[in-house]
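This is what each chain is made of:
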Number of protein chains: 2
Amino acid sequence: MQRTEISKYGEFGLIKHLTERFKINHASTLKGIGDDAAVLNYAEKKILLTTDLLLEGVHFDLTYVPLKHLGYKAAVVNFSDIYAMNGHPKQITVSLGISKRFSVEDLEELYAGIELACKTYGVDLVGGDTSASFTGLTISITCLGEGETDKIVYRNGAKINDLVCVSGDLGSAYMGLQLLEREKIVFAANDQAAPDFNGMDYILQRQLKPEARQDIVLALSEKGIVPTAMMDISDGLSSELIHICSQSKVGCRIFEDKIPINYQAAVMAEELNMNIVTAALNGGEDYELIFTVALEDYEKILTVDNIGIIGHITKSEHGLFLVGRQGEEIALKAQGWNSLNES
Amino acid sequence: MQRTEISKYGEFGLIKHLTERFKINHASTLKGIGDDAAVLNYAEKKILLTTDLLLEGVHFDLTYVPLKHLGYKAAVVNFSDIYAMNGHPKQITVSLGISKRFSVEDLEELYAGIELACKTYGVDLVGGDTSASFTGLTISITCLGEGETDKIVYRNGAKINDLVCVSGDLGSAYMGLQLLEREKIVFAANDQAAPDFNGMDYILQRQLKPEARQDIVLALSEKGIVPTAMMDISDGLSSELIHICSQSKVGCRIFEDKIPINYQAAVMAEELNMNIVTAALNGGEDYELIFTVALEDYEKILTVDNIGIIGHITKSEHGLFLVGRQGEEIALKAQGWNSLNES
């Protein structure tokens, strides 16, 4: 494969080269890349702002993550935070710290992934920069989105008797990661070994190319449902539920047999002697939405595809519990992936 | 000094601990830290958005930069980008990648600097995250500002016969860096040597604790002057002038004897056998403003403090020239600090 050194372009030339194919989609983007700052116009809408810093070796492992997938995922996890506010992502900026190890072609791959994500979700790239890194790849993405004043959903609005809902299924991204880690070890021991990914495309895609739940936000809006509280599941169901309950000053009961599990993920967990419910509770990176809705929206919620009701909100003094298949009550703990403890 | 391990707090606890003293100043900040995204309201104003990624060993050297100064500078350089659009910074997010080497007290120092910058410039901290880094310290700051539609100044508006103006003086930050580098080498050879910073407080402050030119933006507004083009000087006067001229499709002539130089910086340059004009042209990190104004604003510009007129805009075909003290013409080249070539 062709390898063009980054020094051929220099900082300004490189950003221009990597971003010139990106289209501007929104009237709210008055000025994108190329000045000291981007200029945006949100008029009567509210602005949602989120940012994510991804570090090689901590948040991603380039031995099994293709750069295009990495670019896609880095953008999508930011969009997910905007959807989690019941808003819509509109603009992103991308800053990179890159070492000599990377060629222009490598960065083109990364940006191809970002471009695909922007195209899929209708988001404008409006700024960013590149600089040298003496170590690994660093990706910093900031995303702006718009929300309507009376439809923005915070974490602190859950009320007693609200239904606890989740989109899609949980634990699949974590099982995809376990599979990739297993094959990495096999490959390290024998570099002739072909990875065994047979029939595991779904959990791999969940780990390597996650999607943000734009569809759920649109569907809720269409049905006239405004959740009382909402988050995206990046650290695991337990951790996010604890955030919602603590900020809303309520408790909850969720039911083990209601937690949506994918078949491939369950098979993988069995193969690896892991508990799939634990993976669903603590695995993280599913980028599904967890939200609470008022009981009177029960009938409406049933008409939305890909949503499961997994429990309900209780008084704060009743605590946060998972009710097992035999009716046993297990206190929810935040064991979500915490990168600070891993350093 | 006390050393509290970061793992004592965990990610969410750490951010809460570091940011709880920050005040919210703006009605436009509807929701700051603590949800999936911040919520902002800009109503009829336009939004300016800029972002910066700072990597240890590339953009800063902790052997001589105190963490509090680093925090201050990291915030201020982003404010500077917003002022360079003739706008006012309002909100920032701060993301950190931190290794085990850093204690909670270290991060408190860094945030104390960010807090001081926010207080000085009236900016709200509204989000961010912390994560582990296996290598050095990584700081990613995003800044939002507001601008009035007809007062935002781009790089591409310079017209023939416009005056080229700069604020403050140039080259001082670079000479401050040279002084710090010299003392670092002395200290490496003899760790009993006390650094010799006598009478050099101004150039050190310019390097370690730069200010953004809010005062100039306010003064221009007060006098009813809207520049035709503007940038902040982060990479050096030459590099920024080339950006303005190329985006505005014009040329320029600036005059060596008009370039504002500080006395301490000149003394330091002489001591180190360096050319102070070269430092002013290519040194960077001064965070002064370079801007062009229409000739009819000449009288008004004279009434603004701390601004020097250094030349004028010409037709594109006349090129970009520095006119020396003997009348010789030297073509301007972008030799600004380019971190990509240093990797």
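Rules used throughout
- Residues numbered from 1 in each chain as written.
- Chains lettered and ligands numbered in written order.
- Predicted model: local features only at pLDDT ≥ 70, side-chain atom pairs only at ≥ 80, totals over all residues.
- Helix = DSSP H or I, 4+ residues; strand = E, 2+ residues; numbered from the N terminus.
- Rg over C-alpha atoms; globule rule 2.2 N^0.38 Å.
- Buried ≥ 20, exposed ≤ 12 C-beta atoms within 10 Å, placed from the backbone.
- Contact = placed C-beta atoms within 7 Å.
- Nonpolar A, V, L, I, M, F, W, Y, C, P; charged D, E, K, R; others polar.
- Pairing = 2+ DSSP bridges.
- Axes fitted to C-alpha atoms, helices over the stretch in contact; angles between N-to-C directions.
- Least-squares fit on C-alpha atoms with pLDDT ≥ 70 in both.
- pLDDT = per-residue confidence, 0-100.
- Domains from an automatic or database assignment.
- Arc of directions from axis to C-beta.
- Core = buried A, V, L, I, M, F, W, Y, C linked by C-beta atoms within 7 Å.

**Re the overall build of chain A**
Along the backbone of chain A there are ten helices and 14 strands. Relative to its length of 343 residues, chain A is compact, with a C-alpha radius of gyration of 21 Å against a globular reference of 20 Å. Seen through its principal axes, chain A has C-alpha atoms that stretch 65 × 60 × 35 Å. Residues counted as buried form 54% of the 343 residues belonging to chain A.

**Describing the interface of chain B and chain A**
Each partner contributes to the interface: chain B provides 61 residues, whereas chain A provides 62 residues. It is strand β3 (residues 46-55) of chain B that contributes the most residues to the side of chain B that touches chain A, eight residues altogether. Here the side of chain B that touches chain A is built from residues that sort into 25 nonpolar, 25 polar and eleven charged.

**Brief notes about the pairing of strand β11 (residues 289-293) of chain B**
Residue and element names in this part refer to chain B. Extensive coverage of β11 is indicated by the burial of five of its five residues. Side chains L289, F291 and V293 of β11 all project onto a buried face; the interleaved residues I290 and T292 project onto the opposite face, where all are buried too. In the sheet, strand β9 (residues 229-232) pairs with β11 via four bridges, with the strands oriented antiparallel. Its bridge partner being in β11, D232 is matched across the sheet by L289.

**Some remarks on the pairing of strand β7 (residues 138-147) of chain B**
Residue and element names in this part refer to chain B. Burial within β7 is extensive, with ten of its ten residues counted as buried. Burial along β7 is two-sided: the residues T138, S140, T142, L144 and E146 and I139, I141, C143, G145 and G147 are all buried. Both strand β4 (residues 88-98) and β7 contribute to a ladder of nine bridges, which runs antiparallel. Across the sheet, the residue bridging to L96 is I139, located in β7.

**Section: the sheet that holds β9(B)**
Residues and elements named next belong to chain B. With mixed pairing, seven strands are arranged side by side in an open sheet as β9-β11-β8-β12-β10-β13-β14. Lying at the two open borders of the sheet, with one neighbouring strand each, are β9 and β14 (329-331). Here the strands of the sheet are splayed against their neighbours by 25 degrees on average, with no regard to which way each runs. Of the strand pairs in this sheet, strand β13 (residues 320-323) and β14 are connected by three bridges, and their pairing is antiparallel. Within β14, the residue paired with F321 across the bridge is A331.

**Section: the relation of the copies chain B and chain A**
The transform that puts chain B on chain A rotates by 180 degrees and translates by 0.0 Å along the axis, for an RMSD of 0.0 Å. Given the turn and translation reported, the copies of this chain are related as if by a two-fold rotation axis. Closest approach to the rotation axis among the C-alpha atoms of chain B is made by A43(B), whose C-alpha sits 2.5 Å away. With an isologous cut-off of 70% or more, the 100% of interface residues of chain B that recur at the interface of chain A puts this contact in the isologous class.

**Details of unusual backbone geometry**
Residue and element names in this part refer to chain B. For N273, which is not glycine, the phi torsion reads 60 degrees and is therefore positive. With respect to the helices and strands, the residue N273 is situated in the loop between α8 (263-271) and α9 (276-282). When the 6 C-beta atoms within 10 Å are taken as the criterion, N273 is described as exposed. The backbone of Y287 sits at a positive phi, close to 55 degrees, despite the residue not being glycine. Relative to the assigned elements, Y287 resides in the loop between α9 and β11.

**With respect to the confidence of the model for chain A**
Overall, the predicted model of chain A reaches an average pLDDT of 91, with 97% of residues at or above 70. With pLDDT under 50 throughout, residues 336-343 of chain A is counted as low confidence; its partners more than four residues away or in other chains account for 28 contacts.

**Quick notes on the domain arrangement of chain A**
All names here are of chain A. For chain A, the assigned domains are domain 1 (6-147) and domain 2 (163-336). Using C-alpha coordinates to define each centre, domain 1 is positioned 27 Å away from domain 2. Across the boundary between the two partners, domain 1 contributes 15 residues, which contact 18 residues of domain 2. Take the side of domain 1 that touches domain 2: its biggest share by element is nine residues, from helix α2 (residues 67-83).

**Some remarks on helix α8 (residues 263-271) of chain A**
Residue and element names in this part refer to chain A. Taken together, the buried positions of α8 are occupied by Q264, A265, M268 and A269. When α8 is viewed along its axis, its buried side chains cluster within an angular range of 135 degrees and face the same direction. Those residues of α8 that are exposed and angled more than 90 degrees off the buried face are Y263 and E270. Contact partners of the buried residues in α8: α4 (172-189), α5 (201-208) and α9 (276-282). A positive phi of about 60 degrees marks N273, the residue just after α8.

**Quick notes on the nonpolar core**
The biggest cluster of nonpolar side chains holds 211 residues, and the ones touching the most others in it are A75(A) and A75(B). Discounting residues that sit within four places of it in the chain, A75(A) has contacts with I92(A), I114(A), A117(A), C118(A) and I141(A).

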